[in-house]
Number of protein chains: 2
Amino acid sequence: MLDVAVEEARAGLAEGGIPIGAALFAGDGTLLGRGHNRRVQDGDPSMHAETAAFKAAGRQRDYRTTIMVTTLSPCWYCSGLVRQFGIGAVVVGEAQTFSGGHDWLAEHGVDVTVLSDERCVGLMTDFIAARPDLWFEDIGEVP
Amino acid sequence: MLDVAVEEARAGLAEGGIPIGAALFAGDGTLLGRGHNRRVQDGDPSMHAETAAFKAAGRQRDYRTTIMVTTLSPCWYCSGLVRQFGIGAVVVGEAQTFSGGHDWLAEHGVDVTVLSDERCVGLMTDFIAARPDLWFEDIGEVP
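Residues numbered from 1 in each chain as written. Chains lettered and ligands numbered in written order. Predicted model: local features only at pLDDT ≥ 70, side-chain atom pairs only at ≥ 80, totals over all residues. Heavy atoms only, no water.

Caption draft 1: Structural detail: the UniProt feature "domain: CMP/dCMP-type deaminase" (unreviewed entry) in chain A. According to UniProt, the "domain: CMP/dCMP-type deaminase" (unreviewed entry) feature falls on residues 1-112 of chain A. Along residues 1-112 of chain A, the helical share is 37% and the strand share 19%, with 14 Å between the first and last C-alpha atoms. (UniProt positions renumbered as here; feature names shortened; annotations may be inferred. Helix = DSSP H or I, 4+ residues; strand = E, 2+ residues; numbered from the N terminus.)

And the structure:
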């Protein structure tokens, strides 16, 4: 499932955007929605990878058995999304270059798996080095 | 400032949507963005009132002096938005019909003001009575 999120992150990078991707799956592995960060592409600060995947999945009545797969540890905004909608599980590609609210989600009963995927680490390491301005803007960090 | 959020909530109701509105203001009172819940109108579960106002404000580099005004206590999703982007203050029209993460925000240094605005209470009380299905879907509560 992480492959889909990585594809999304790479697509975002190819568009000149921030390389974070995500996908929401049903419990049986069916893909419900996929997306990537769209701050640069659409001038839209509300479309993080996870919110884009959540939006693409459309209206759903029950998220308890769904799985949010993301290339990077979810920020507080995206962690709040997971908690509010009761998404049952989160798979995180890596939490080395940024650590958001995944521990908080685990404390609140979400099944959290944190990987150390080299593709994900590489995408963000290179991007943060190349465009620190964009990265810090995306997480609301003021220099 | 709450008047703008109430106008947004009423506009959403008139469109057949969920009557929650919000607006993001600069510290000097300048309106940066306004919006309302768009689940019904756009089939978009990611557009809560606060995220709609945040999106409408476009890319901003520093939210520390901004004020998010919303007709209803922000859910975890919208509370996570406020925390991640460092929005300095939140004004809540009412927290009687629903209580989200506003206390958590206050614990994390956000200047939170909770009002008991009768217009806001009335909008949600009537809406929840009329369309409990839509309301519970919007906050991810499963019957």
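Caption draft 2: Expanded view of helix α1 (residues 2-14) of chain A. All names here are of chain A. With 13 residues, α1 extends 18 Å from end C-alpha to end C-alpha; this agrees with the ideal 18 Å at 1.5 Å per step. Within α1 the residues assigned to the buried category are L2, V4, A5, V6, E8, A9 and G12. Looking one or two residues beyond α1, the residue adopting positive phi is G16, at roughly 90 degrees. (Expected span 1.5 Å × (residues − 1). Buried < 20%, exposed > 50% of the residue type's maximum accessible area, 1.4 Å probe, protein only.)

Caption draft 3: Fine view of the relation of the copies chain A and chain B. Overlaying chain A on chain B yields an RMSD of 0.0 Å, the required transformation being a rotation through 180 degrees with an accompanying axial translation of 0.0 Å. Put plainly, the chains are arranged around a two-fold axis. When each C-alpha of chain A is compared by its distance to the rotation axis, A:G80 comes out closest, at 2.5 Å. The overlap is high: 100% of the interface residues of chain A also sit at the interface in chain B, so the same surface is used on both sides. (Least-squares fit on C-alpha atoms with pLDDT ≥ 70 in both. Contact = heavy atoms within 4.5 Å.)

Caption draft 4: Quick look at the side chain of A:H36. Residues and elements named next belong to chain A. You can see H36 is positioned in strand β2 (residues 31-36). Among the polar contacts made by the side chain of H36, one reaches the side chain of R38 at a distance of 3.3 Å. Not counting residues within four places of it along the chain, the set of residues in contact with H36 comprises E8, A11, G12, E15, I20, G21, Q41, M47, H48, A49 and A52. (Polar contact = N/O pair within 3.5 Å; in protein donor to acceptor, adjacent residues only side chain to side chain.)

Caption draft 5: Seen up close, the interface of chain A and chain B. Facing 38 residues of chain A, the contacting portion of chain B comprises 38 residues. Across the chain A/chain B interface, buried area totals approximately 3,200 Å², and carbon plus sulfur atoms make up 58% of it. Interface area lost by chain A to chain B is led by A:R59, A:R61 and A:Q84, which between them contribute 24%. Counting across the chain A and chain B interface gives four salt bridges. (Buried area = accessible area lost by both parts, 1.4 Å probe. Salt bridge = Lys/Arg side-chain N within 4 Å of Asp/Glu carboxyl O.)

Caption draft 6: Region of the structure containing the sheet that holds strand β3 (residues 67-70) of chain B. All names here are of chain B. Spatially, the five strands line up as an open sheet ordered β2-β1-β3-β4-β5, and their pairing is mixed. Edge positions in the open sheet fall to β2 (31-36) and β5 (111-114), since each of these has one partner strand only. Strand-to-strand twist across the sheet, computed as the mean angle between neighbouring axes with direction ignored, equals 10 degrees. Pairing of β3 with strand β4 (residues 89-92) involves four bridges; the strand directions are parallel. Opposite I67, over in β4, you have A89 as the bridge partner. Sitting on the sheet, helix α1 (residues 2-14) is in contact with β1 (21-25), β2 and β3, with an inclination near 30 degrees to β2. (Pairing = 2+ DSSP bridges. Axes fitted to C-alpha atoms, helices over the stretch in contact; angles between N-to-C directions.)

Caption draft 7: Structural detail: the packing of aromatic side chains. In the structure shown here, the tally under the stated rule is 16 aromatic pairs over all chains. Ring centres of A:F98 and A:W135 lie 5.6 Å apart, and the angle between their planes is 85 degrees; on these two criteria the pair is classed as edge-to-face. Highlighted residues: A:F98 in the loop between β4 (89-92) and α5 (102-107) and A:W135 in helix α7 (residues 132-138), separated in sequence by 37 residues. Judged by relative accessible area, A:F98 falls into the buried class, the value being 13%. Through a chain of ring-to-ring contacts, three or more aromatic side chains come together here, namely A:F54, A:Y63, A:Y77, A:F85, B:F54, B:Y63, B:Y77 and B:F85. Between the NZ or CZ atom of A:R83 and the centre of the ring of B:W76, over which it lies, the distance is 3.9 Å. (Phe/Tyr/Trp six-rings, centres within 6.5 Å; stacked < 30°, edge-to-face > 60°. Lys NZ or Arg CZ within 6 Å of the ring centre and 35° of its normal.)

Caption draft 8: Here's a closer look at the packing of helix α4 (residues 76-85) of chain A against helix α4 (residues 76-85) of chain B. Axis separation between α4(A) and α4(B) bottoms out at 7 Å; the angle between their running directions is 170 degrees. Judged by the angle between their axes, α4(A) and α4(B) are roughly antiparallel. Viewed along their axes, α4(A) and α4(B) form a crossing whose handedness is right-handed. Contacts from A:W76, A:Y77, A:G80, A:L81, A:R83, A:Q84 and A:F85 of α4(A) reach α4(B) at B:W76, B:Y77, B:G80, B:L81, B:R83, B:Q84 and B:F85. Counted by class, the contact of α4(A) with α4(B) contains eight nonpolar, four polar and two charged residues. (Parallel < 35°, antiparallel > 145°, perpendicular 65-115°, else oblique. Left-handed = near helix turned anticlockwise from the far one by under 90°. Nonpolar A, V, L, I, M, F, W, Y, C, P; charged D, E, K, R; others polar.)

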